[in-house]
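Structure assessment
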Amino acid sequence: MTFDVGDLMLQSVPFARTLDVSFDTVEPGRAVARMPDRADLHNHVGGPHAGVLFSVAEVASGATMISVFGDQLSRVTPLVTNATIRYLKLAKGEIVAEARLQASKEEVVAKLDAGERPEFDVLIEIRTADGTVVSEMTVTWTFKLRR
């Protein structure tokens, strides 16, 4: 890849900068995003608001998607079609979201080449810095061909 995917995400998604998201790792099919603990983003029980956890995970899913399909961005617009999240435990402290692509590039690009809109999932595990899993999320992406 000839560009920094993490930097692209932070430049093109201002809300990620608002949350102070950073990337530990972005490699083909996988991204690890991190967000520091911030009291101004806590909920009524003292952990990050549910929307904060969702947002960090969604940003990680976007970096994962671009890490594989960045070369397609000149002909497609990536869009989220669905997202589901399970909140398992109260998160305390720094948040780490690890996202993994669940589709093959060849399958998705073949659908694009056939003029279809592919859908594919990115699974995200959200945990605290000590490794405690606090949420699990699935983001379904599609590509809209540019005409």
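Below you will find a few notes about this structure. Quantities reported herein were computed from a predicted structural model and do not represent experimental measurements.

Rules behind the numbers
- Residues numbered from 1 in each chain as written.
- Predicted model: local features only at pLDDT ≥ 70, side-chain atom pairs only at ≥ 80, totals over all residues.
- Heavy atoms only, no water.
- Helix = DSSP H or I, 4+ residues; strand = E, 2+ residues; numbered from the N terminus.
- Rg over C-alpha atoms; globule rule 2.2 N^0.38 Å.
- Buried < 20%, exposed > 50% of the residue type's maximum accessible area, 1.4 Å probe, protein only.
- Contact = heavy atoms within 4.5 Å.
- Areas by Shrake-Rupley, 256 points an atom, 1.4 Å probe, with all protein chains shown as cover.
- Lys, Arg positive; Asp, Glu negative; His and termini not counted.
- Charge placed at Lys NZ, Arg CZ, Asp CG, Glu CD.
- Pairing = 2+ DSSP bridges.

**Notes on the overall build of the protein chain**
Check the secondary structure of the protein chain and you find four helices and six strands. Each helix and strand of the protein chain, placed in order from N terminus to C terminus, yields the pattern α-α-β-β-α-β-β-α-β-β. Taken over C-alpha atoms, the radius of gyration comes to 15 Å for the protein chain, in line with the 15 Å a tight globule of 147 residues would show. With the C-alpha coordinates aligned to their principal axes, the bounding extent of the protein chain is approximately 50 × 25 × 25 Å. Taking all 147 residues of the protein chain together, 43% fall into the buried category. Within the protein chain, contacts between residues at least 6 apart in sequence are counted, and of these 69% link residues at least 24 apart. Taken as a whole, the protein chain presents about 7,400 Å² of accessible surface, with 50% of it coming from carbon and sulfur. Across the protein chain, the centroid of the 16 positively charged side chains sits 4 Å from that of the 20 negatively charged ones.

**Brief notes about the pairing of strand 6 (residues 133-145)**
The pairing of strand 3 (residues 76-87) with strand 6 spans eleven bridges and is classified as antiparallel. Residue tyrosine 87 lies in a different strand from strand 6, and its bridge partner there is serine 135. Pairing of strand 5 (residues 119-128) with strand 6, which is carried by nine bridges, proceeds in the antiparallel orientation. Residue pairing in the sheet places arginine 127 in a bridge with valine 133 of strand 6. Hairpin connection from strand 5 to strand 6: four residues lie between these consecutive antiparallel strands, with glycine 131 at a positive phi of about 95 degrees.

**Some points on the pairing of strand 4 (residues 95-101)**
The buried count for strand 4 comes to six of seven residues, which makes it a mostly enclosed element. In the sheet, strand 2 (residues 30-35) pairs with strand 4 via six bridges, with the strands oriented antiparallel. Residue pairing across strands places arginine 30 opposite arginine 100, the latter belonging to strand 4. Two elements, strand 4 and strand 5, share seven bridges in a ladder whose sense is antiparallel. Its bridge partner lying in strand 5, arginine 100 is registered against leucine 123.

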